[in-house]
Amino acid sequence: MPASVAVRGVGLRLSEVDDLDSLARRLSAAPAPAAVRRFAAPDTVLAPVERGVYGPVEPRVPARAGARGLRGTPHESLLALASAASSVDGARGPEAAHEPARQDTRAPDDTTAVVWASSTAGLPEYATACAEASTLDPGFVAPALGPASAYNGPAATVSIRLGLAGPNLTLTGGATAGISAVAEAMRLIVAGDASAALVGASATVTRWSLTAANDHLTPAEGAACLALDLAGGPGIQLRGCHRTDLVQATARVIQAAARPETRPDGLVVSTSDTALVDALASSQPFPVWHVERALGDLGAAGGLLAVVGAAALCAAAGGTFVAPGERDPKRPTKILALAVEPCGSTASMEVSSS
Amino acid sequence: MDRDSVAVSGVGAVSPAGLGVPALWRAVEDRRVLTGPVTRYDLTGYPTQRAAEVPPGAIAALDSLVPPHESLAARYLAAAALEALGDAGLPAQRRRRRLGLFVGTVMGTRPLLDRAIGRGPLGVADRAWARPDELLTAVRQVVTVDGPAVLLAPGCSAGNEAIAAGAAAVASGEVDVAVCGGADELSLEVFAFFTSMRALAADTIRPFDAGRRGTMPGEGAAVLVLERAERVAARGRAPLAHVLASASAADAHNLTQPHPDGVGLIATIQTCLDRARVEPDDIDWVCAHGTGTPANDAVEARAVAKALGGRRRPVLSSVKGQLGHAEGAAAVLEAVVGVRALAHGLVPGNVTLLDPDPECAGVDLVEPAGRRGPVRRVLNQAYGFGGAVCTVLLGKGTPDAR
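Quick caveat: nothing in here was measured; it's all calculated off a predicted structure.

As for the overall build of chain B
Then, number 1: The helix and strand inventory of chain B stands at 11 helices and 16 strands.
Then, number 2: Taking 2.2 N^0.38 as the reference for a compact globule, 402 residues should give roughly 21 Å; the C-alpha atoms of chain B span a radius of gyration of 19 Å, in line with that estimate.
Then, number 3: If one aligns the C-alpha atoms of chain B with their principal axes, the spans along those axes are about 60 × 55 × 40 Å.
Then, number 4: When the accessible area of chain B is evaluated, it comes to approximately 12,600 Å², of which 50% is carbon and sulfur surface.
Then, number 5: For chain B, the distance from the average site of its 41 positive side-chain charges to the average site of its 43 negative ones is 4 Å.

And the structure:
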């Protein structure tokens with residue numbers, strides 16, 4: 001794994017969050033009120049429910065990804081594509097937004113990797129295919145539903161629409177998947193499989209996802225994507241990924257906090273365990289932010305949002321990430337992103353501005 | 001061989017041949033075709049009704065091996081992991097070593113929802129089908145995981161991606177032991193949409209045959225335990241095989257169709273050769289993705305012929321004619337077969353091949369009987385819907401390995 005990678009661009013599609021500044025503010029503010037929406041699953045025994053959620057989020061797909069041929073693309077894949085295309089535009093500067101969409105069918109030569117994390121991608125398509133299989137004659141399930149009913153729709157859509165022929169990975173599971181996605185992207189870059197990486201995560205809220213939603217958290221939908229390449233020059237850097245169990249991770253945080261030279265300036269935690277966050281916040285000499293409290297429950301995407309949130313807080317503290325060298329950093333800032341799953345699996349990553 | 005190379009120290013499998021790697025390898029050697037009428041679901045009215053199921057007796061036998069869980073895939077995975085760790089001589093439950101779990105799947109626990117498919121509105125039983133992390137619950141109960149627990153779902157390249165991620169974690173020192181697996185269970189949802197896509201064969205899967213009509217779903221789980229070779233040697237054991245290289249890429253072309261030139265596959269094969277510093281003629285067996293669909297096999301054969309153009313045509317066969325397409329488990333099941341092929345000096349044949357497709361003339365399709373002889377390197381390739389491709393190159397273990 002390389003020592004570090006640099007954040008070259010960020011694409012965000014989150015409820016009430018437009019950019020890193022508003023993400024940093026949202027993390028520190030009191031939880032926003034959630035809009036109550038009604039969710040139904042036709043042709044099933046599931047009764048409609050009303051629930052407060054963060055969303056809906058409009059994809060607003062940038063021109064780079066092309067507008068044609070997107071009808072029928074699942075909502076979560078559109079959110080992913082929009083955030084990924086925005087992160088590329090952020091990495092290449094404002095004029096890149098006007099570059100033409102990919103039209104040709106030749107073999108793409110861009111070996112940027114796409115690494116995505118999601119717990120919900122394909123879920124409504126899977127469930128709808130099951131409902132159709134239950135109510136229609138054999139052979140009449142809509143053929144487009146099937147390939148979209150696995151987890152890899154977002155990563156595949158980003159790769160195909162943006163012409164990215166590097167490795168195409170999807171991680172699923174709980175919150176650690178979002179941080180592991182960054183770790184796997186770093187591995188692929190250093191191994192030479194990828195020249196750079198778009199690392200993203202997404203979530204959608206449907207009647208189906210609500211069957212497994214945490215009662216004490218606000219379900220949320222949205223997507224975020226980081227454009228990463230090998231570190232060089234000033235900017236936001238990601239390094240030091242550790243994937244272990246809760247005991248070792250907690251020990252690591254306590255040890256790091258004990259010495260000024262290793263102490264982070266803050267901790268952004270993604271977990272469904274609010275008591276754990278309270279315990280960390282009460283015992284550490286630095287601020288602790290909770291992704292799920294501020295942004296809602298985004299499943300596997302929570303881990304990546306801990307990283308993006310840490311980047312936002314670093315940027316707000318004076319770092320620079322869009323155009324390295326354009327603005328002098330006021331001071332180096334180091335924030336730890338941590339994801340903890342109920343089973344005790346944890347992943348952490350150091351986010352710093354230099 | 002570099003003593004620090006990544007070694008395969010144990011293997012485990014649950015497959016349509018039953019529980020265990022010996023059952024799987026015996027079925028391959030005996031050329032048994034394990035596809036047959038589906039018993040788990042009522043397929044009345046479906047134009048094709050065949051798949052490759054883990055036999056009911058094997059499923060019943062899981063009760064004495066692994067904890068209960070609604071998801072069969074979760075239990076297959078736990079059983080394969082226990083077998084593989086036992087094969088490696090490693091206790092399943094011990095702290096103070098760094099053990100990571102790298103698992104590939106396509107549908108994970110979602111097939112739990114399939115059980116509600118009947119006539120009329122869809123019933124919905126439990127909720128584990130909406131929780132992907134549930135796939136790892138059973139294996140976590142029987143194996144102490146204190147390193148990464150990574151669940152990869154990139155489409156049907158999943159199994160190889162799990163091996164690649166685990167091998168990298170071993171090579172970098174992030175873990176001492178990588179449990180690399182793949183798991184999927186038979187899904188009626190997959191069966192239903194494959195039916196809609198007219199991708200299913202009615203009688204037999206015939207990879208690379210001119211008369212191939214389609215594939216069939218399979219199921220199961222398989223695990224490779226990876227460690228540094230020196231760590232295996234320190235326990236007084238010999239590696240079963242080595243992971244010589246892996247490479248990942250994407251077609252970036254179409255959600256359901258492979259790139260007509262197989263660009264992603266060619267790129268990963270060439271990268272594997274470069275990384276392992278071997279020539280095309282050094283590959284003794286290409287364990288093909290070989291799904292038996294008209295769309296896949298000709299593209300794959302042409303791509304392999306192009307990427308492995310040497311003095312002789314690349315030797316290629318697919319075991320999916322016997323095992324069906326086990327989706328996320330497929331590539332690891334095939335890697336386990338590859339490990340056995342290296343040890344036993346047998347290249348498995350295209351068991352169901354009757355009439356080789358002229359479009360596949362660029363490769364040397366192995367006759368159904370298979371071929372005996374030295375097998376030193378096996379190239380295992382996997383890709384699927386979405387365009388992700390991952391190829392793994394396995395090399396022979398030391399001569400005294402089982």
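A look at the environment of A:Leu304
All names here are of chain A.
Then, number 1: Within the element layout of this structure, Leu 304 appears in helix 10 (residues 301-316).
Then, number 2: Relative accessible area serves as the criterion here: at 0%, Leu 304 is assigned to the buried category.
Then, number 3: Along the sequence, Leu 304 and Val 17 sit 287 residues apart, while their C-alpha atoms lie 15 Å from each other.
Then, number 4: Ignoring sequence-local partners within four residues, the contact set of Leu 304 consists of Gly 178, Ile 179, Val 182, Val 199, Gly 200, Ala 201, Ala 224 and Leu 226.

A word on the domain arrangement of chain A
Residues and elements named next belong to chain A.
Then, number 1: Assigned domains of chain A: these are domain 1 (4-230) and domain 2 (236-353).
Then, number 2: Computed from C-alpha coordinates alone, the two centres of domain 1 and domain 2 are separated by 22 Å.
Then, number 3: Contact residues are listed per partner, giving 50 residues for domain 1 and 43 residues for domain 2.
Then, number 4: When domain 1 packs against domain 2, the two sides together hide about 3,800 Å² of surface, and 69% of this comes from carbon and sulfur.
Then, number 5: When the area that domain 1 buries against domain 2 is broken down by residue, the three leading residues are Leu 27, Thr 176 and Ile 179, summing to 19%.

Let's talk about the interface of chain A and chain B
Then, number 1: The interface of chain A with chain B comprises 68 residues on the first partner and 69 residues on the second.
Then, number 2: Interface area for chain A against chain B, summed over the two sides, is near 5,200 Å², with a carbon-plus-sulfur share of 59%.
Then, number 3: Considering only the side of chain A, the residues that lose the most area to chain B are A:Tyr126, A:Tyr151 and A:Arg243, jointly responsible for 13% of the buried surface there.
Then, number 4: Where chain A meets chain B, there are two salt bridges.
Then, number 5: A salt bridge links A:Asp193 to B:Arg275, with the nearest nitrogen and oxygen atoms 2.8 Å apart.
Then, number 6: Our enumeration of links across chain A and chain B arrives at 21 residue pairs in polar contact (both at pLDDT 80 or more).
Then, number 7: Elements supplying a minimum of two residues to the side of chain A that touches chain B: helix 3 (123-135), helix 4 (153-162), strand 5 (168-172), helix 5 (176-191), strand 8 (236-245) and helix 7 (246-258) of chain A.
Then, number 8: With 10 residues, the top contributor of residues to the side of chain A that touches chain B is helix 3 of chain A.
Then, number 9: Split into classes, the residues belonging to the side of chain A that touches chain B amount to 34 nonpolar, 26 polar and eight charged.
Then, number 10: Pairing geometry for strand 5 of chain A and strand 6 (residues 149-152) of chain B, over two bridges, is antiparallel.

Description of the packing of aromatic side chains
Then, number 1: Counting across every chain of the model gives five aromatic pairs over all chains.
Then, number 2: Between B:Tyr46 and B:Phe191, the aromatic rings sit 5.8 Å apart at their centres with planes inclined by 70 degrees, giving edge-to-face as the arrangement. Here B:Tyr46, found in the loop between strand 3 (36-37) and strand 4 (50-51), pairs with B:Phe191, found in helix 6 (residues 188-196); they are 145 residues apart in sequence, far enough to count as distant.
Then, number 3: Accessibility expressed as a relative area gives 9% for B:Tyr46, which makes it buried.
Then, number 4: Taking relative accessible area as the criterion, B:Phe191 reaches 2% and is therefore assigned buried.
Then, number 5: Ring plane angle 40 degrees and centroid distance 6.5 Å describe the contact between B:Phe193 and B:Phe385, whose orientation is recorded as tilted. In this pair, B:Phe193 sits in helix 6 while B:Phe385 sits in the loop between strand 15 (377-383) and strand 16 (388-396), placing the two residues 192 residues apart along the sequence.
Then, number 6: The class of B:Phe193 is buried, set by a relative accessible area of 2%.
Then, number 7: Exposure remark for B:Phe385: the relative accessible area of 25% places this residue in the partly exposed category.
Then, number 8: Positioned over the ring face of A:Tyr54 is A:Arg26, at 4.8 Å from the centre of the ring.

Thoughts on the side chain of B:Thr35
Then, number 1: As for its placement among the helices and strands, B:Thr35 is situated in the loop between helix 1 (21-29) and strand 3.
Then, number 2: Excluding anything up to four places from it in sequence, B:Thr35 contacts B:Arg50, B:Ala51, B:Ala52, B:Ile205, B:Met216, B:Gln322 and B:Gly324.

Some details on the domain arrangement of chain B
All names here are of chain B.
Then, number 1: When its domains are assigned, chain B resolves into domain 1 (6-234) and domain 2 (244-396).
Then, number 2: Of the residues lining the interface, 63 residues belong to domain 1; the matching set on domain 2 comes to 63 residues.
Then, number 3: Overall, the association of domain 1 and domain 2 removes approximately 4,600 Å² of surface from exposure, summing both partners, and the carbon and sulfur fraction of that is 67%.
Then, number 4: On the domain 1 side of the interface with domain 2, the three residues burying the most area are Trp 25, Phe 208 and Arg 212, jointly 20% of the side's total.

Definitions and cut-offs
- Per chain, residue numbering runs from 1 following the sequence as it is written.
- The naming scheme follows written order: chains are lettered A onward, ligands numbered 1 onward.
- With pLDDT at 70 or above as the cut-off, local features in this predicted model cover only qualifying residues; side-chain atom pairs require 80 or more to be listed or tallied, and sums for whole chains, interfaces and linings still use all residues.
- Only heavy atoms go into the side-chain values, all of them from the structure, while hydrogens and water stay out.
- Counting from the N terminus, the helices are DSSP H or I runs at least four residues long and the strands are E runs at least two residues long.
- Here the globule rule reads 2.2 Å times residues to the power 0.38, and the radius of gyration is calculated from C-alpha atoms.
- The accessible surface values rely on the Shrake-Rupley method and a 1.4 Å probe; as for residues, cover is taken only from the protein chains in view.
- For the charge count, each Lys or Arg is scored as positive and each Asp or Glu as negative, with His and the chain ends excluded.
- Just so you know, the charge point we use is NZ for Lys, CZ for Arg, CG for Asp and CD for Glu.
- Buried, partly exposed and exposed residues are distinguished by accessible area as a fraction of the type maximum, computed with a 1.4 Å probe on protein chains only: under 20%, between the cut-offs, and over 50%, respectively.
- Throughout, a residue-residue contact means that at least one pair of heavy atoms, one from each residue, lies within 4.5 Å.
- Source of the domain bounds: an automatic or database domain assignment.
- In short, buried area is how much 1.4 Å probe accessible area vanishes from two parts on joining, totalled over both.
- Within this document, salt bridges are pairs made up of a side-chain nitrogen of Lys or Arg and a carboxyl oxygen of Asp or Glu, the two lying within 4 Å of each other.
- Distance and chemistry together define a polar contact, namely a pair of N or O atoms within 3.5 Å, with one atom able to donate a hydrogen and the other to accept it when in protein, and with adjacent residues in sequence counting only for side-chain atoms on both sides.
- Each residue gets one label: Ala, Val, Leu, Ile, Met, Phe, Trp, Tyr, Cys and Pro are nonpolar, Asp, Glu, Lys and Arg are charged, and the others, such as Gly, are polar.
- Think of it this way: DSSP has to see at least two bridges between two strands before they count as a pair.
- Aromatic contacts are taken between Phe, Tyr and Trp rings whose centres are within 6.5 Å, Trp giving its six-membered ring; a plane angle under 30 degrees counts as stacked, one over 60 as edge-to-face, and the others as tilted.
- Two thresholds decide whether a charge sits over a ring: the Lys NZ or Arg CZ must be within 6 Å of the ring centre and within 35 degrees of the ring normal.

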